[in-house]
Amino acid sequence: MSSSQKQPHVLVISYPAQGHVNPMLQFCKRLVAKGIKTTSATTLSFSKSVTFDKNNHLINLETFSDGFDDNGPDEIVAPEVFFPKLREVGPKSLSDLVLQLDRPNVIIYDGFFAMGP
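Residues numbered from 1 in each chain as written. Predicted model: local features only at pLDDT ≥ 70, side-chain atom pairs only at ≥ 80, totals over all residues. Heavy atoms only, no water.

(A) Spotlight on the side chain of D110. Relative to the elements of secondary structure, D110 occurs in the segment after β4 (106–109). Of the side chains with opposite charge, R87 comes closest to the buried, unpaired D110, at an N-O distance of 13 Å. In terms of polar contacts, D110 uses its side chain to reach the side chain of H20, at 2.6 Å. If we ignore the near neighbours within four places in the chain, the residues touching D110 are I13, S14, Y15, H20 and M24. (Helix = DSSP H or I, 4+ residues; strand = E, 2+ residues; numbered from the N terminus. Buried < 20%, exposed > 50% of the residue type's maximum accessible area, 1.4 Å probe, protein only. Lys, Arg positive; Asp, Glu negative; His and termini not counted. Salt bridge = Lys/Arg side-chain N within 4 Å of Asp/Glu carboxyl O. Polar contact = N/O pair within 3.5 Å; in protein donor to acceptor, adjacent residues only side chain to side chain. Contact = heavy atoms within 4.5 Å.)

Okay, here's the thing in structure tokens:
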């Protein structure tokens, strides 16, 4: 890559569940090992219930709204409430995040994370 080219940047979006976030973080580590700037994103409410390695400066960690930002880590929302709210709030919140990140070259998302109608 020449000095005039912008470093590639990948945004990896994880469904907010431990069994989804961990494999995506492992994928992010592989991207970083290839010299790719990597940002991992999950919902703000989920991020309160897990501990991320704050010493890992290789993967940027970001959050976006699922509509339950004020919930504490022990406040579980029923799926029939969570998914409609996520479909309502998530697309705008993710769009804002993409713009905030200066439009990553590639967006990779968990296949379980469909937010369409």
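Now that the structure is up, let's keep going.
(B) Focus on unusual backbone geometry. If you check the backbone angles, D102 has positive phi at about 60° while not being a glycine. Note on placement: D102 falls in the loop between α3 (79–100) and β4. Assessed through its relative accessible area of 52%, D102 is described here as exposed. Positioned with a positive phi, R103 is a non-glycine residue whose angle comes to about 50°.

(C) Structural context of the packing of aromatic side chains. Per the counting criterion, the structure on display carries 3 aromatic pairs. Plain terms: the ring middles of F68 and F82 are 6.1 Å apart, the flat faces sit at 25° to each other, and that makes the pair stacked. Taken together, the positions of F68 in the loop between β3 (59–64) and α3 and F82 in helix α3 put the pair 14 residues apart, joining distant regions of the chain. Residue classification places F68 among the buried positions, given a relative accessible area of 14%. (Phe/Tyr/Trp six-rings, centres within 6.5 Å; stacked < 30°, edge-to-face > 60°.)

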